[in-house]
Amino acid sequence: MLVVKDFKDYEIIDASNGEKYERWGNYYFLRPDPQIIWDNGNLRDKYKGKIDAIYNRSKTGGGYWENIRPTKEHFSITYHDLVFEIKQMGFKHTGLFPEQASNWSYMTDKIKTANREIKVLNLFAYTGAATVACLKAGASVVHVDSSRGMVDWCKENVKKNNLENSNIHYFVDDVVKFVKREIRRGHKYDVIIMDPPSYGRGANKEVWNIEKDLFPLTTLCRELLSEKPLFFLINSYTAGLSPMVLDNILKVTFKNLVGKIECGEIGLPIKENNLVLPCGIYGRWSDK
């Protein structure tokens, strides 16, 4: 399991009964998490007076943010030399998944030590944390997401890191259609990153289903890799999807390419009791 241990601006302080008490910079949030099925006390009572905002689940679905103390509409946090914009979003999110910090560090190291120009394709790229990490390491990046709002947020993150003049291209598009066009154009990439949702809709209401569409997309992406690919990374938060599934997909996809495959869980440490909260899975092929 990849466990993030060096994120000074973020930490899970405690977790109990479906909720986690966490620090984002100087703010303390309480958010739901379905993986937390153990009892370590009532966090709302335990940290009363020390919570800035709570995301409350609605009985009819969804939920809402309740700001207990004055909280900025958006603020920044840092991870090493990376800066990210944080906002309270619908469905409990903040625009950043801190558990991915292990992958940001991996990307940075691989790109910096490649000692050559690296072209990156980031698919389902969300608010662009991986994009920023790759740009900062010196790569050129093509950033693709079906949501214009997420692409605009990525532009904010790029600006916060003073990377506006870097070699980056943004596309609001359906990922599968974009990849097929890139194949027809003959474009190649040294790195491909993807963070596919369980279900989703493209820019023109195209339907995505990870169980049906992940393997065909991975196969298509294989055609986009350069003659000397650096790495290929898949992240997933789909409940019930085992790391072994990603391992199998990568073994089939890269069966004729020499390299190394690593798959497993991603987690975050819980300060109060030294437990680890599982936060998703990853699978990556690398050149060595």
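Use the structure listed above.
Residues numbered from 1 in each chain as written. Predicted model: local features only at pLDDT ≥ 70, side-chain atom pairs only at ≥ 80, totals over all residues. Heavy atoms only, no water.

1. Some details on the overall build of the protein chain
Right, on to step 1. In terms of helices and strands, the protein chain carries seven helices and 17 strands.
Right, on to step 2. In terms of overall dimensions, the protein chain is globule-like: its C-alpha atoms have a radius of gyration of 19 Å, near the 19 Å expected for 288 residues.
Right, on to step 3. In terms of its C-alpha atoms, the protein chain occupies a principal-axis envelope of roughly 60 × 40 × 40 Å.
Right, on to step 4. Looking at the 288 residues of the protein chain, the share that counts as buried comes to 51%.
Right, on to step 5. Pairs at least 24 residues apart make up 61% of the contacts formed inside the protein chain by residues separated by at least 6 positions.
Right, on to step 6. As displayed, the protein chain offers around 14,000 Å² of accessible surface, 50% of which is attributable to carbon and sulfur atoms.
Right, on to step 7. Computed over 41 positive and 36 negative side-chain charges, the separation of the two mean positions in the protein chain equals 2 Å. (Helix = DSSP H or I, 4+ residues; strand = E, 2+ residues; numbered from the N terminus. Rg over C-alpha atoms; globule rule 2.2 N^0.38 Å. Buried < 20%, exposed > 50% of the residue type's maximum accessible area, 1.4 Å probe, protein only. Contact = heavy atoms within 4.5 Å. Areas by Shrake-Rupley, 256 points an atom, 1.4 Å probe, with all protein chains shown as cover. Lys, Arg positive; Asp, Glu negative; His and termini not counted. Charge placed at Lys NZ, Arg CZ, Asp CG, Glu CD.)

2. So, the pattern of salt bridges
Right, on to step 1. Taken as a whole and assessed by the stated rule, the structure comprises 18 salt bridges.
Right, on to step 2. With a shortest N-O distance of 2.9 Å, Arg 23 and Glu 11 are connected by a salt bridge. Of this pair, Arg 23 sits in strand S3 (residues 19–24) while Glu 11 is found in strand S2 (residues 10–16), placing the two residues twelve residues apart along the sequence.
Right, on to step 3. Beyond isolated ion pairs, a larger network of salt bridges with shared partners links Glu 11, Arg 23 and Lys 271. (Salt bridge = Lys/Arg side-chain N within 4 Å of Asp/Glu carboxyl O.)

3. Considering the environment of Leu 246
Right, on to step 1. Mapped onto the secondary structure, Leu 246 falls in helix H7 (residues 243–253).
Right, on to step 2. Those residues within four positions of Leu 246 in sequence are excluded, and the remaining contacts are Leu 214, Ile 234, Leu 241, Cys 263, Ile 281, Tyr 282 and Gly 283.

4. With respect to the nonpolar core
Right, on to step 1. Among the nonpolar cores identified, the biggest contains 52 residues, and Phe 7, Leu 96, Trp 104, Ile 111, Val 120, Ile 193 and Phe 231 are the most heavily contacted of them.
Right, on to step 2. Each residue touching Val 120, except ones within four places of it in the same chain, is listed here: Ile 111, Cys 134, Ala 139, Ser 140, Val 141, Val 142, Tyr 189, Val 191 and Ile 193.
Right, on to step 3. Residues Leu 217, Cys 221, Ile 234 and Leu 241 belong to the second largest nonpolar core, which totals 28 residues. (Core = buried A, V, L, I, M, F, W, Y, C linked by side-chain atoms within 4.5 Å.)

5. Let's talk about unusual backbone geometry
Right, on to step 1. Even without a glycine there, the phi angle at Asn 17 is positive, about 50°.
Right, on to step 2. By the secondary structure assignment, Asn 17 is in the loop between S2 and S3.
Right, on to step 3. Note on Asn 17: relative accessible area 46%, which makes it partly exposed.
Right, on to step 4. Backbone geometry places Phe 124, a non-glycine residue, at a positive phi of 50°.
Right, on to step 5. Checked against the element boundaries, Phe 124 lands in the loop between strand S9 (119–123) and helix H3 (129–136).
Right, on to step 6. The class of Phe 124 is buried, set by a relative accessible area of 15%.

6. Remarks on helix H6 (residues 210–224)
Right, on to step 1. Taking 1.5 Å of rise per residue, 15 residues should cover 21 Å, and H6 covers 20 Å from first to last C-alpha, within 8% of that figure.
Right, on to step 2. Of the positions making up H6, those classed as buried are Ile 210, Asp 213, Leu 214, Leu 217, Thr 218, Leu 220, Cys 221 and Leu 224. Taken down its axis, H6 places every buried residue within 170° of arc, on the same side.
Right, on to step 3. The inward-facing, buried residues of H6 contact S9, helix H5 (175–185), strand S12 (191–194), strand S14 (207–209), strand S15 (231–236) and H7.
Right, on to step 4. The opening residue of H6 is Asn 209, an N-cap whose side-chain oxygen sits 3.0 Å from the backbone nitrogen of Glu 211. (Expected span 1.5 Å × (residues − 1). Arc of directions from axis to C-beta. Polar contact = N/O pair within 3.5 Å; in protein donor to acceptor, adjacent residues only side chain to side chain.)

7. A look at the pairing of strand S11 (residues 168–172)
Right, on to step 1. Bridge analysis of strand S10 (residues 140–145) against S11 gives five bridges, and the strand direction is parallel. Residue pairing across strands places Asp 145 opposite Val 172, the latter belonging to S11.
Right, on to step 2. The β-α-β motif built from S10, the intervening helix H4 (residues 148–160) and the parallel element S11 has right-handed crossover chirality. (Pairing = 2+ DSSP bridges. Right-handed = clockwise from strand over helix to strand, strands pointing away.)

8. Here we look at the pairing of S10
Right, on to step 1. Most of S10 is tucked away, with six of its six residues classed as buried.
Right, on to step 2. Inspection of the sheet shows S9 paired to S10 by five bridges, in the parallel sense. Bridging across to S10, Val 120 finds its partner in Val 141.
Right, on to step 3. A crossover connection joins S9 to the parallel S10 through H3; in handedness this β-α-β unit is right-handed.

9. Looking at H4
Right, on to step 1. Between its first and last C-alpha atoms H4 spans 19 Å; for 13 residues at 1.5 Å apiece the expected length is 18 Å, and the two agree.
Right, on to step 2. All of the buried residues in H4 are Met 150, Val 151, Trp 153, Cys 154, Asn 157 and Val 158. Considered in projection along H4, the buried side chains sweep an arc of 155° and stay on one side of the axis. Opposite the buried face of H4, at more than 90 degrees from it, the exposed residues are Arg 148 and Lys 159.
Right, on to step 3. Among the structural elements, strand S8 (82–87), H3, S10 and S11 are those in contact with the buried residues of H4.

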